[in-house]
Amino acid sequence: MESEEGGMTVRVRESRDSVRSVAMLFDMVFFLLCFGFLWRIDLGSKRSRVADSMALVLHAGNGNKNAFKTLITAEYSGVQVELAKNFVMGVTNKSPEFLKMNPIGKVPVLETPDGPIFESNAIARYVARLKADNPLYGNSLIDYGHIEQWIDFASMEIDANIGRWAYPRLGYMPYIAVGEEAAISSLKRALGALSIHLASNTFLVGHSVTLADIIMTCNLYIGFSWIFLKTFTSEFPHVERYFWTMVNQPNFRKVLGEVKQAESVPPVPSQKKPAQAKEPAKPKEAKKETKQEPAKPKVEQVIEEEEEAPKPKAKNPLDLLPPSKMILDDWKRLYSNTKTNFREVAIKGFWDMYDPEGYSLWFCDYKYNDENTVSFVTMNKVGGFLQRMDLARKYAFGKMLVIGSEPPFKVKGLWLFRGTEIPKFVLDEVYDMELYEWTKADISDEAQKERVSAMIEDQEPFEGEALLDAKCFK
Ligand SMILES: N[C@@H](CCC(=O)N[C@@H](CS)C(=O)NCC(=O)O)C(=O)O
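Worth saying up front: this structure is predicted, and the values here are computed from it rather than measured. (Residues numbered from 1 in each chain as written. Predicted model: local features only at pLDDT ≥ 70, side-chain atom pairs only at ≥ 80, totals over all residues.)

### A short note on the overall build of the protein
Thinking step 1. When helices and strands are counted, the protein shows 17 helices and nine strands.
Thinking step 2. Scored against the burial criterion, the 474 residues of the protein give a buried share of 35%.
Thinking step 3. Sequence-distant contacts, at least 24 apart, represent 76% of the contacts inside the protein between residues at least 6 apart. (Helix = DSSP H or I, 4+ residues; strand = E, 2+ residues; numbered from the N terminus. Buried ≥ 20, exposed ≤ 12 C-beta atoms within 10 Å, placed from the backbone. Contact = placed C-beta atoms within 7 Å.)

### Let's talk about the packing of helix α5 (residues 141-169) against helix α6 (residues 177-199)
Thinking step 1. Relative to each other, α5 and α6 sit at 150°, their axes nearing to 9 Å. When the axes of α5 and α6 are compared, the pair comes out roughly antiparallel. In this structure, α5 crosses over α6, and the sense of that crossing is left-handed. Mapping the contact onto sequence places Glu 157, Ile 158, Asn 161, Ile 162, Arg 164, Trp 165 and Pro 168 in α5 and Gly 179, Glu 180, Ala 183, Ile 184, Ser 186, Leu 187 and Ala 190 in α6.
Thinking step 2. Of the residues assigned to the contact of α5 with α6, the class counts are eight nonpolar, three polar and three charged. (Axes fitted to C-alpha atoms, helices over the stretch in contact; angles between N-to-C directions. Parallel < 35°, antiparallel > 145°, perpendicular 65-115°, else oblique. Left-handed = near helix turned anticlockwise from the far one by under 90°. Nonpolar A, V, L, I, M, F, W, Y, C, P; charged D, E, K, R; others polar.)

### With respect to helix α15 (residues 375-388)
Thinking step 1. The end-to-end C-alpha separation of α15 is 20 Å, in line with the 20 Å expected for 14 residues at 1.5 Å each.
Thinking step 2. Extensive coverage of α15 is indicated by the burial of 13 of its 14 residues. (Expected span 1.5 Å × (residues − 1).)

### So, the packing of helix α7 (residues 211-226) against helix α9 (residues 237-247)
Thinking step 1. Contact geometry of α7 with α9 gives a least axis separation of 10 Å together with a crossing angle of 105°. The angle between α7 and α9 places the two elements in the roughly perpendicular class. Contacts from Asp 213, Thr 217, Leu 220 and Phe 224 in α7 reach Phe 243, Met 246 and Val 247 in α9.
Thinking step 2. In terms of residue class, the contact of α7 with α9 is made up of five nonpolar, one polar and one charged.

### Points about the sheet that holds strand β7 (residues 410-418)
Thinking step 1. With antiparallel pairing, the five strands of this open sheet are ordered in space as β8-β5-β7-β6-β9. Here the strands that pair on one side only, and so sit at the sheet edges, are β8 (436-440) and β9 (467-473). The sheet shows a mean angle of 15° between the axes of neighbouring strands, taken without regard to direction.
Thinking step 2. Both strand β6 (residues 396-403) and β9 contribute to a ladder of six bridges, which runs antiparallel. Its bridge partner lying in β9, Lys 399 is registered against Cys 472.
Thinking step 3. Its contacts with the sheet put α15 on β6, β7 and β9, and the angle it makes with β9 is roughly 10°. (Pairing = 2+ DSSP bridges.)

### Description of the sheet that holds strand β3 (residues 109-112)
Thinking step 1. Strand order in the open sheet formed by four strands is β2-β1-β3-β4, with mixed pairing between adjacent strands. Only two strands of the sheet have a single neighbouring strand rather than two, namely β2 (81-83) and β4 (115-118). Mean inter-strand twist for the sheet, computed between neighbouring axes without regard to direction, equals 25°.
Thinking step 2. Two strands pair when backbone bridges link them, and β3 and β4 are joined in this way by four bridges, in the antiparallel orientation. Bridged to Thr 112 within β4 is Gly 115.
Thinking step 3. In the packing of helix α2 (residues 65-77) onto the sheet, the strands contacted are β1 (56-59), β2 and β3, and the crossing angle to β2 comes to about 145°.
Thinking step 4. Packing against the sheet, helix α4 (residues 120-129) makes contact with β2, β3 and β4, and its axis sits at approximately 125° to β4.

### Let's talk about the site of the ligand
Thinking step 1. The full set close to the ligand counts ten residues, and Asn 66, Lys 106, Val 107, Glu 119 and Ser 120 are the nearest of them.
Thinking step 2. Within the shell around the ligand, the residues separate by chemical class into three nonpolar, four polar and three charged. (Near = placed C-beta within 6 Å.)

### Re the confidence of the model for the protein
Interpretation of this model should avoid reading the predicted coordinates in detail wherever pLDDT is low.
Thinking step 1. Here the protein averages 85 in pLDDT, and 79% of its residues register 70 or above.
Thinking step 2. Per-residue pLDDT stays below 50 along residues 33-39; that stretch engages in zero contacts with residues further than four places along the chain or on separate chains. (pLDDT = per-residue confidence, 0-100.)

### A short note on α7
Thinking step 1. Over its 16 residues, α7 runs 23 Å from end to end, which matches the ideal 22 Å to within 8%, given 1.5 Å per residue.
Thinking step 2. Considering bend angle alone, the principal kink of α7 is centred on Leu 220 and spans about 25°.
Thinking step 3. Among the 16 residues that make up α7, 15 are buried, leaving the element largely enclosed by the rest of the structure. (Bend = angle between axes of the 7 residues up to and from the residue.)

### Quick look at the environment of Lys 188
Thinking step 1. You can see Lys 188 is positioned in helix α6.
Thinking step 2. A residue is classified by how many C-beta atoms lie within 10 Å of it, and Lys 188, with 14 of them, is partly exposed.
Thinking step 3. Taking C-alpha positions, Lys 188 is 9.5 Å from Asn 161, a pair spaced 27 residues apart along the chain.

### Thoughts on the environment of Pro 423
Thinking step 1. Within the secondary structure, Pro 423 sits in the loop between β7 and α16 (424-429).
Thinking step 2. Look at Pro 423 and you get buried, because 20 C-beta atoms sit within 10 Å.
Thinking step 3. The spatial distance from the C-alpha of Pro 423 to the C-alpha of Leu 318 is 7.9 Å, given a sequence separation of 105 residues.
Thinking step 4. In this structure, Pro 423 is in contact with Leu 318, Ala 392, Tyr 395, Phe 417 and Arg 418, ignoring residues within four places of it in sequence.

### What about the pairing of β3?
Thinking step 1. The sheet contact formed by β1 and β3 spans three bridges and is antiparallel. Each residue of the ladder has a partner; that of His 59, found in β3, is Val 109.

### Structural notes on the nonpolar core
Thinking step 1. Trp 150, Leu 211, Ala 212 and Ile 215 are the most contacted members of the largest nonpolar core, which totals 62 residues.
Thinking step 2. Of the residues forming this core, the biggest block, eleven residues, is contributed by α7.
Thinking step 3. Each of domain 1 (56-129) and domain 2 (135-256) gives at least three residues to this core.
Thinking step 4. By size, the runner-up hydrophobic cluster in this structure holds 43 residues, among which are Trp 331, Cys 364, Tyr 366 and Phe 409. (Core = buried A, V, L, I, M, F, W, Y, C linked by C-beta atoms within 7 Å. Domains from an automatic or database assignment.)

Laid out in structure tokens, this is it:
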């Protein structure tokens, strides 16, 4: 009996347990359905709240290929995105407000009602997802997988190798011949594979533009615009066909405008390598003989920002100033030709020629010296500034000193400008000007006059410190 009872008890308990399990299962299914439904509503309403809100603000300069990814995605997705107003590369992205959005200080960053997002691919993905069932993400799970596959390929195999080839030539990294060779060889391997895929596919995935095409095209854009000559791309005919088809799609054209292929590869910049930079300064004579670097292409458009320096206007207001007894070219010639007794010949000659009514002297002091932690990056930064000053060559002479034997290095300079003020077109068009504190030299003050002489001469030690580099703009 007992055992039967026991058996009965067990059976009853088993059947009660199974009823409870079924009930729990129902509860769970019900809960999941409700919760999932609510979650979907929540995501849907968030999506529409963000998509319907005012335009999302994208922080980047005009012409940044990483920002293009988002702007093109927004065109395809019907999402409003606008570039932050008054963004100045190198200034805005170093501000405390910007660093709160992206601690690494790089652009682009997208501001959303739910907080900022950095990393250009992540931003483009987010904008694509603001449109429910966006065709930019394909029509199936496998499409989605392939889209992500090509996005990674575009970043790791294409963009990274274009960067390793182009950026040293554009002055953003030290140039190392074997590094360039390796980058070109990896790039050829990737473009070869891409060309084979595109031989039988108009788009990377499926039969219409996807996010993968947008990211791939923006990455190829830097290559085609700066470094891929026709002789190089003709080895990859399907990539050529693909690229030109994509950049001519209306939504791409709206953002990229007309795209032109590079006609020459930027020359290798004649830069000091980091290792050489630590060597003691060379004797003055040797320094003076150093030729001015050949004009390099304007690189801001590629990495930083893209604020292209407009060409000098035909009639510069400085040409309308009363004639000066100081002939700038005479001074530049004296500077270049003085090989010995620099103080007695060139510096004395400078003060004999100097006309404070027709010219002015300015000290500049870099505002962010604590960021100058890497010698060659600091020197490249100064080199970039001098390239951008190219438009003032007829009206200016400058010396830029990189000071210190240990990081952070200080950057200080001296500039001679035509006119008694810093020319307006220089302030307007050379964004680096804002990165420096400018003080007019008062040459009635002997100490300031001596400082001018010391800077022209690259006197070392300068203000008690060694010189890492001295660049001349003439
Ligand atoms: N992986 C990042 C790269 C961002 C990046 O390198 N941005 C450059 C401009 S295109 C920049 O902000 N450079 C400034 C710096 O390095 O301080 C992305 O895709 O957003």
